[in-house]
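Inside the fold
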Amino acid sequence: MLSIALAGKPNAGKSTFYSAATRAEVDVANYPFTTIDANRGVTHVRTDCPCLDRDERCGNDNCHDGKRYVPVELLDVAGLVPGAHEGKGLGNQFLDELTNADVIVNVVDASGATDEKGEPVEPGSHDPLDDVDFIESEMDLWLAGIVDRNWESVERKSRSPEFDMDEALADMLTGFGATQADVQAVLRGLDYPDDPMAWTDEDREALARDVRRRTKPIVVVANKADVASEGNVERLLALDKPVIPATAQGELALRKGAEAGAVDYDPGDESFGVVGEVSDAQRELLDGLRDTVAEYGGTGVQAALDYAVYDLLDHLTAYPVQDASKWTDAKGNVLPDAFLLPRGSTPVDLAYAVHSDIGDGYLHAVDARSSREISDSYELAEGDVVKIVSTAK
Ligand SMILES: Nc1nc2c(ncn2[C@@H]2O[C@H](COP(=O)(O)OP(=O)(O)OP(=O)(O)O)[C@@H](O)[C@H]2O)c(=O)[nH]1
């Protein structure tokens, strides 16, 4: 399962984001590890369900009237402070937890009411733009430290006649989620000495920075947009990087309200309605939230998760079925499964994602929309419904 990590300074709103995003308001019963431990859970990205192309909704637990929620893992990493890569505030341990993530959501407190350590300050007196850069540089410096510590082994390997720089660096960085292809792509963009002995600290830092950018892309969440000081959100949006204004607290309130039947809202909706009994205090909160939601086209929580997976990681959703005309599995469930795959994936990749042990049992695939056989090299598109024909029972 793809893994998204929340990073940010203390008090930025990571836990609120996590708790809003991982509530079991859509059925996650198929995934017994919903909460593996305190900071690892399952959330969902939202896409259009292929059942929208049919007369009837599919009725899948993860489909709300054509809004399909596809599970991904969410990690809530404890707050990072400047100097984390040197171990400040248990920073090394927390940075280490980011290793397992495919993509990072950097939760920034756009209110400007907490300093870089997350301590409350006069609202507007701290510039949230500083927090964007420090998380990135802590991650870069931390990886540079790992590269430094392991450099001797690269130097040792370089004495062998079979030495291959790509391979040696990929070996060192595989724990960080870097493949040999990643290392090759990064090295292509760098000017570096062939002999590892001749690498300078700057060479290693550049390597770490580019590998980090490639393997841990970041979307910034400008959280607490509901109480952000004048101009903060706009200045964050003007940065040359993806930034999504959000209110994690608002999302939490809406999901709780929806669970209680008081609010008509599905995660990622651009608006909400009050449909049940709410107290005066709740009504006031929801009225306040309405402005923020209207201004930013939603609470931003679902938007950030979707952006991380569909844009930054460039994934698509494919739906394997056994019956190509009814779009069902053997038990008659319509569109039972949704798989997230990197763009460029083929029906063969989908077959492996569904049956890791398929081996050479794959025969061919059928596009369930057209009922036509598709070639093994066909590049899947978002929302494809595919029947895999294999020798497997
Ligand atoms: N106004 C407003 N407050 C928020 C929002 N999100 C979180 N908060 C508040 O900000 C404070 C910190 O939120 P947390 O979710 O605990 O922050 P954290 O980043 O997990 O903090 P650490 O656990 O210390 O790393 C809490 O009082 C939240 O209620 C938001 O969108 N708007």
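Note that this is a predicted model, so its numbers are computed, not measured. (Residues numbered from 1 in each chain as written. Predicted model: local features only at pLDDT ≥ 70, side-chain atom pairs only at ≥ 80, totals over all residues. Heavy atoms only, no water.)

**Considerations on unusual backbone geometry**
- A positive phi angle is found at Asp-314, which is not glycine, with a value near 55 degrees.
- Structurally, Asp-314 is set in the loop between helix 10 (301-312) and strand 11 (315-321).
- A relative accessible area of 35% places Asp-314 in the partly exposed class.
- A positive phi is found at Leu-335, a non-glycine position, where the angle reads about 45 degrees.
- According to the relative accessible area criterion, Leu-335 is buried, its value standing at 0%. (Helix = DSSP H or I, 4+ residues; strand = E, 2+ residues; numbered from the N terminus. Buried < 20%, exposed > 50% of the residue type's maximum accessible area, 1.4 Å probe, protein only.)

**Things to note about the site of the ligand**
- As a matter of local geometry, the ligand sits amid 16 residues, with Asn-11, Lys-14, Ser-15, Thr-16 and Asp-226 nearest to it.
- Contact distances for the ligand include 3.2 Å between a nitrogen atom and a side-chain N or O atom of Asn-223.
- The side chain of Asp-226 places a nitrogen or oxygen atom 2.8 Å from a nitrogen atom of the ligand.
- Here the ligand loses 72% of its free accessible area of 650 Å² to cover by the protein chains.
- Elements with a contribution of two residues or more to the shell around the ligand: helix 1 (14-21) and helix 8 (248-259).
- The biggest single contributor to the shell around the ligand is helix 1, with 3 residues. (Near = heavy atom within 4 Å. Polar contact = N/O pair within 3.5 Å; in protein donor to acceptor, adjacent residues only side chain to side chain. Areas by Shrake-Rupley, 256 points an atom, 1.4 Å probe, with all protein chains shown as cover.)

**A closer look at the domain arrangement of the protein chain**
- Domain boundaries in the protein chain define domain 1 (3-136 + 217-310), domain 2 (147-208) and domain 3 (316-390).
- Look at where the C-alpha atoms of domain 1 and domain 3 centre, and you get two points 31 Å apart.
- Taken over both partners, the interface formed by domain 1 and domain 3 buries close to 1100 Å², and the fraction arising from carbon and sulfur atoms is 55%.
- At the junction of domain 1 with domain 3, the criterion picks out 1 salt bridge.
- A salt bridge links Arg-369 to Asp-53; the nearest nitrogen and oxygen atoms lie 2.9 Å apart.
- Counting across the domain 1 and domain 3 interface gives 7 residue pairs in polar contact (both at pLDDT 80 or more).
- Elements represented by at least two residues in the side of domain 1 that touches domain 3 include exactly strand 3 (40-48), strand 5 (67-76) and helix 10.
- Residue contributions to the side of domain 1 that touches domain 3 peak at 4 residues, all from strand 5.
- Grouping the amino acids of the side of domain 1 that touches domain 3 by side-chain chemistry returns 10 nonpolar, 2 polar and 4 charged. (Domains from an automatic or database assignment. Buried area = accessible area lost by both parts, 1.4 Å probe. Salt bridge = Lys/Arg side-chain N within 4 Å of Asp/Glu carboxyl O. Nonpolar A, V, L, I, M, F, W, Y, C, P; charged D, E, K, R; others polar.)

**Here we look at the environment of Asp-191**
- Of note, Asp-191 is situated in the loop between helix 5 (180-188) and helix 6 (201-215).
- For Asp-191, a relative accessible area of 75% puts it in the exposed group.
- Along the sequence, Asp-191 and Asp-203 sit 12 residues apart, while their C-alpha atoms lie 8.2 Å from each other.

**So, the nonpolar core**
- Counting residues in each nonpolar core, the largest one holds 49 residues, and the members touching the most others are Leu-98, Ile-104, Trp-151, Leu-169, Leu-173, Leu-207 and Val-211.
- It is helix 3 (residues 128-157) that contributes the most residues to this core, 12 residues altogether.
- Residues lining this core come from more than one domain, with at least three contributed by each of domain 1 (3-136 + 217-310) and domain 2 (147-208).
- When sequence neighbours within four positions are dropped, the list of residues in contact with Trp-151 reads Leu-169, Met-172, Pro-196, Trp-199, Arg-204 and Leu-207. (Core = buried A, V, L, I, M, F, W, Y, C linked by side-chain atoms within 4.5 Å. Contact = heavy atoms within 4.5 Å.)

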